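Next come the chains, spelled out residue by residue.
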Amino acid sequence: GENVEQHPSTLSVQEGDSAVIKCTYSDSASNYFPWYKQELGKGPQLIIDIRSNVGEKKDQRIAVTLNKTAKHFSLHITETQPEDSAVYFCAALGGYSGYSARQLTFGSGTQLTVLP
Amino acid sequence: KAGVTQTPRYLIKTRGQQVTLSCSPISGHRSVSWYQQTPGQGLQFLFEYFSETQRNKGNFPGRFSGRQFSNSRSEMNVSTLELGDSALYLCASSLVPPGLAYNEQFFGPGTRLTVL
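Small disclaimer: the values here were computed from a predicted structure and weren't measured. (Residues numbered from 1 in each chain as written. Chains lettered and ligands numbered in written order. Predicted model: local features only at pLDDT ≥ 70, side-chain atom pairs only at ≥ 80, totals over all residues. Heavy atoms only, no water.)

**Some points on the overall build of chain A**
Link 1 in the chain: Of regular secondary structure, chain A possesses 0 helices and 11 strands.
Link 2 in the chain: Counting from the amino terminus, chain A carries its helices and strands in the arrangement β-β-β-β-β-β-β-β-β-β-β.
Link 3 in the chain: Its C-alpha atoms give chain A a radius of gyration of 14 Å, near enough to 13 Å, the size a compact globule of 116 residues would have.
Link 4 in the chain: Referenced to the eigenvectors of the C-alpha coordinate spread, the extents of chain A come out at roughly 50 × 30 × 20 Å. (Helix = DSSP H or I, 4+ residues; strand = E, 2+ residues; numbered from the N terminus. Rg over C-alpha atoms; globule rule 2.2 N^0.38 Å.)

**Observations regarding the packing of aromatic side chains**
Link 1 in the chain: A complete count under the given rule lists 12 aromatic pairs over all chains for this structure.
Link 2 in the chain: Ring centres of A:Tyr36 and A:Phe106 lie 5.5 Å apart, and the angle between their planes is 45°; this geometry places the pair in the tilted category. Remark: A:Phe106 occurs in strand β10 (residues 104–106) and A:Tyr36 occurs in strand β4 (residues 32–38); sequence separation between them is 70 residues. Exposure class is identical for A:Tyr36 and A:Phe106. Each is buried.
Link 3 in the chain: Ring plane angle 40° and centroid distance 5.6 Å describe the contact between B:Tyr35 and B:Phe107, whose orientation is recorded as tilted. (Phe/Tyr/Trp six-rings, centres within 6.5 Å; stacked < 30°, edge-to-face > 60°. Buried < 20%, exposed > 50% of the residue type's maximum accessible area, 1.4 Å probe, protein only.)

**Overview of the nonpolar core**
Link 1 in the chain: One finds A:Trp35, A:Phe73, A:Leu75 and A:Leu112 to be the most contacted residues of the largest nonpolar core, which totals 23 residues.
Link 2 in the chain: For this core, the secondary structure elements donating two or more residues are β2 (10–14), β3 (19–25), β4, β5 (45–51), β7 (62–67), β8 (72–77), β9 (86–93) and β11 (110–115) of chain A.
Link 3 in the chain: Those residues within four positions of A:Phe73 in sequence are excluded, and the remaining contacts are A:Ile21, A:Lys22, A:Cys23, A:Tyr25, A:Phe33, A:Trp35, A:Thr65, A:Leu66, A:Cys90 and A:Ala91.
Link 4 in the chain: B:Leu21, B:Tyr49, B:Tyr89 and B:Val115 belong to the second-largest nonpolar core, a separate cluster that totals 21 residues. (Core = buried A, V, L, I, M, F, W, Y, C linked by side-chain atoms within 4.5 Å. Contact = heavy atoms within 4.5 Å.)

**Considering the side chain of B:Ser94**
Residue and element names in this part refer to chain B.
Link 1 in the chain: Take Ser94: it is sitting in strand β9 (residues 87–94).
Link 2 in the chain: Of the residues examined, Ser94 reaches a relative accessible area of 0% and is grouped as buried.
Link 3 in the chain: For Ser94, the side chain forms a polar contact with the main-chain oxygen of Val96, separated by 2.7 Å.
Link 4 in the chain: With residues up to four places along the chain from it excluded, the contact list for Ser94 reads His29, Arg30, Ser31, Asn103, Glu104 and Gln105. (Polar contact = N/O pair within 3.5 Å; in protein donor to acceptor, adjacent residues only side chain to side chain.)

**Quick look at the interface of chain B and chain A**
Where interface size is quoted, it is often the accessible area lost as the parts come together.
Link 1 in the chain: Between chain B and chain A, the residue contacts involve 21 residues of the former and 21 residues of the latter.
Link 2 in the chain: Of all residues in chain B, B:Leu43, B:Asn56 and B:Tyr102 bury the most surface against chain A, accounting for 33% of the area lost on that side.
Link 3 in the chain: For the pair chain B and chain A, the interface holds 0 salt bridges.
Link 4 in the chain: Where chain B touches chain A, the interface holds 2 residue pairs in polar contact (both at pLDDT 80 or more).
Link 5 in the chain: At the level of secondary structure, the elements contributing two or more residues to the side of chain B that touches chain A comprise β4 (31–38), β5 (42–50), β6 (53–57) and β9 of chain B.
Link 6 in the chain: The greatest single-element share of the side of chain B that touches chain A, amounting to 4 residues, is contributed by β5(B).
Link 7 in the chain: For the side of chain B that touches chain A, the class distribution of residues is 9 nonpolar, 8 polar and 4 charged. (Buried area = accessible area lost by both parts, 1.4 Å probe. Salt bridge = Lys/Arg side-chain N within 4 Å of Asp/Glu carboxyl O. Nonpolar A, V, L, I, M, F, W, Y, C, P; charged D, E, K, R; others polar.)

**Structural notes on the sheet that holds β8(A)**
All names here are of chain A.
Link 1 in the chain: Spatially, β1-β3-β8-β7-β6 is the arrangement adopted by the 5 strands of the open sheet, whose pairing is antiparallel. Each having just a single partner strand, β1 (4–7) and β6 (56–59) make up the two edges of the open sheet. Pairs of neighbouring strands in the sheet enclose a mean axial angle of 15°, with direction left out of account.
Link 2 in the chain: Note: β3 against β8, 6 bridges, orientation antiparallel. Each bridged residue has a counterpart across the sheet, and for Val20 the counterpart in β8 is His76. (Pairing = 2+ DSSP bridges. Axes fitted to C-alpha atoms, helices over the stretch in contact; angles between N-to-C directions.)

**Here's the deal with unusual backbone geometry**
Link 1 in the chain: Each neighbour pair has its own omega, and for A:His7 with A:Pro8 the value is -5°, a cis peptide bond.
Link 2 in the chain: With respect to the secondary-structure elements, A:Pro8 resides in the loop between β1 and β2.
Link 3 in the chain: With a phi close to 60°, A:Gln60 is a non-glycine residue in the positive phi region.
Link 4 in the chain: Not every positive phi belongs to a glycine, and B:Thr80 is a case in point at roughly 45°.
Link 5 in the chain: The topology assignment puts B:Thr80 in the loop between β8 (74–78) and β9.

Everything listed here is a matter of coordinates, which is why it stays silent on function.
Take a look at the structure:
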């Protein structure tokens, strides 16, 4: 099955700086890579996603890049603000495994702290 | 539109007991997935239901079970609770399973289960 590794586990940046979170995946059949933001006491919320036929996608201060050859994808947040402080999860939608349907596999999460 | 609701929000049980958690998806969503979230482990996939059928099951013991009703509401049950079952249990709903079509999964706030 799919295996997703996420780094770093914690990240502190000064307000206004950029933050980068990286993930690697193992299943070459994976073709959809969403990123989620989880604030304290809430469930994860989708913030951006990318499909395997695209190398980069941007949405205001957030961007995601995908390198299919190296099997890694990254989340970039520019001009960070205190409200960006949260746990971020990457995920990959793997291919079929035996008789199992495709499913999302999540990374272990990154606690981002933006210091004022 | 109401979001995904999970009940109860908090639960304290003792070892050996059983517990049932409930999830009401967003109106019109027919797919429900369950995840276990523990510190440092990210989101571990439990199972996925679509139109009352279990499409996929994660690598959890048989003590973990679930079902989905005709109104798409879902329940998960954990029998013979162990200390290691203490976690945040998240439910996510989508129109159809992510493995069938690209569509956003919306997460509920989770049920915090503590096993003493």
